[in-house]
There are 2 protein chains.
Amino acid sequence: MANKEDILIRFGRRVRELRAERGYSQEAFAHECELDRTYVGGIERGERNLALRNIERIAETLGVTLAELMKGL
Amino acid sequence: MANKEDILIRFGRRVRELRAERGYSQEAFAHECELDRTYVGGIERGERNLALRNIERIAETLGVTLAELMKGL
DNA sequence: TTGTGACTCGTAGTCCGTA
DNA sequence: ATACGGACTACGAGTCACA
């Protein structure tokens, strides 16, 4: 069912994939998002239960829609 | 375009639509989600910047994937 | 049946560092 | 370039009485 694993882990992995595809470092990406470097790291490690506004910022910075960002999660 | 309006408002409207389609009252829906009635009301009114775990609970209760829930937002 | 203000408490989110 | 920790502030989580 693909949905057993924690949502934060799955989301973090997805963000990391998309960020890396785009050739961003965490730091550069965080700067684009106007989020803290250590916070983005925490998100990618699945340690952060981030809220909708920041999810949207991340989607925008990655250049995907929210639906695309959530695809498969 | 279509993306100028605040994400919380758009998300809230989407939740309200899907909930109403399913014939839930806010109260019944909140009970299914194991969330407070007034909290769900706040979400639907776009007043709550809810975090990923609660977004997931809502998607589950509505019987849609996260990607479907975010569709068009 | 839903809206709203006010509230407590935990955590979202920032900033400093070390490795 | 990234992980991780401590200490901090702002805001999300969650509840209530009342309209």
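Residues numbered from 1 in each chain as written. Chains lettered and ligands numbered in written order. Predicted model: local features only at pLDDT ≥ 70, side-chain atom pairs only at ≥ 80, totals over all residues. Heavy atoms only, no water.

As recorded by an unreviewed UniProt entry, chain A carries the name Transcriptional regulator and is attributed to Blastopirellula marina.

Novice: Honestly, the protein's contact with DNA strand D in this entry has me stumped. Any pointers?
Specialist: Taken together, 19 residues surround DNA strand D, and among them R16, Q26 and R45 of chain A together with Y39 and A51 of chain B come closest. Each atom of DNA strand D within 4 Å of the protein belongs either to a base or to sugar and phosphate, the latter forming 62%. The side chain of T38 of chain B places a nitrogen or oxygen atom 2.9 Å from a base nitrogen of DNA strand D. Interatomic distance of 2.5 Å between a side-chain N/O atom of Y39 of chain B and a phosphate oxygen of DNA strand D. (Near = heavy atom within 4 Å. Polar contact = N/O pair within 3.5 Å; in protein donor to acceptor, adjacent residues only side chain to side chain.)

Novice: Looking at this structure, how should I read the packing of helix α2 (residues 26-33) of chain B against helix α4 (residues 52-62) of chain B?
Specialist: Two quantities define a packed helix pair, namely the angle between the axes and the distance from one axis to the other. Residue and element names in this part refer to chain B. Running from N to C, α2 and α4 cross one another at 110°; their axes reach a closest spacing of 9 Å. Between α2 and α4, the angle is such that the two are roughly perpendicular. The crossing of α2 and α4 is right-handed. Residues F29, E32 and C33 of α2 pack against R57, I58, T61 and L62 of α4. (Axes fitted to C-alpha atoms, helices over the stretch in contact; angles between N-to-C directions. Helix = DSSP H or I, 4+ residues; strand = E, 2+ residues; numbered from the N terminus. Parallel < 35°, antiparallel > 145°, perpendicular 65-115°, else oblique. Left-handed = near helix turned anticlockwise from the far one by under 90°. Contact = heavy atoms within 4.5 Å.)

Novice: Which parts of the structure should I look at to understand the nonpolar core?
Specialist: For soluble globular proteins, nonpolar side chains are generally found buried alongside one another. F11, I58 and L69 of chain A together with F11, I58 and L69 of chain B are the most contacted members of the largest nonpolar core, which has 48 residues in total. Filtering out sequence-adjacent residues up to four positions away, F11 of chain A remains in contact with I43, L50, I55, L69, M70 and L73 of chain A together with L52 of chain B. (Core = buried A, V, L, I, M, F, W, Y, C linked by side-chain atoms within 4.5 Å. Buried < 20%, exposed > 50% of the residue type's maximum accessible area, 1.4 Å probe, protein only.)

Novice: Before we go on, may I ask you to explain the interface of chain B and chain A in this structure?
Specialist: If you look at the interface, chain B gives 17 residues, while chain A gives 17 residues. Interface area, chain B with chain A, both sides summed: about 1,600 Å², of which 66% is carbon and sulfur. Interface area lost by chain B to chain A is led by I7, L52 and R53 of chain B, which between them contribute 36%. Where chain B touches chain A, the interface holds four salt bridges. Here R10 of chain B and E56 of chain A are joined by a salt bridge, their closest N and O atoms 3.1 Å apart. (Buried area = accessible area lost by both parts, 1.4 Å probe. Salt bridge = Lys/Arg side-chain N within 4 Å of Asp/Glu carboxyl O.)

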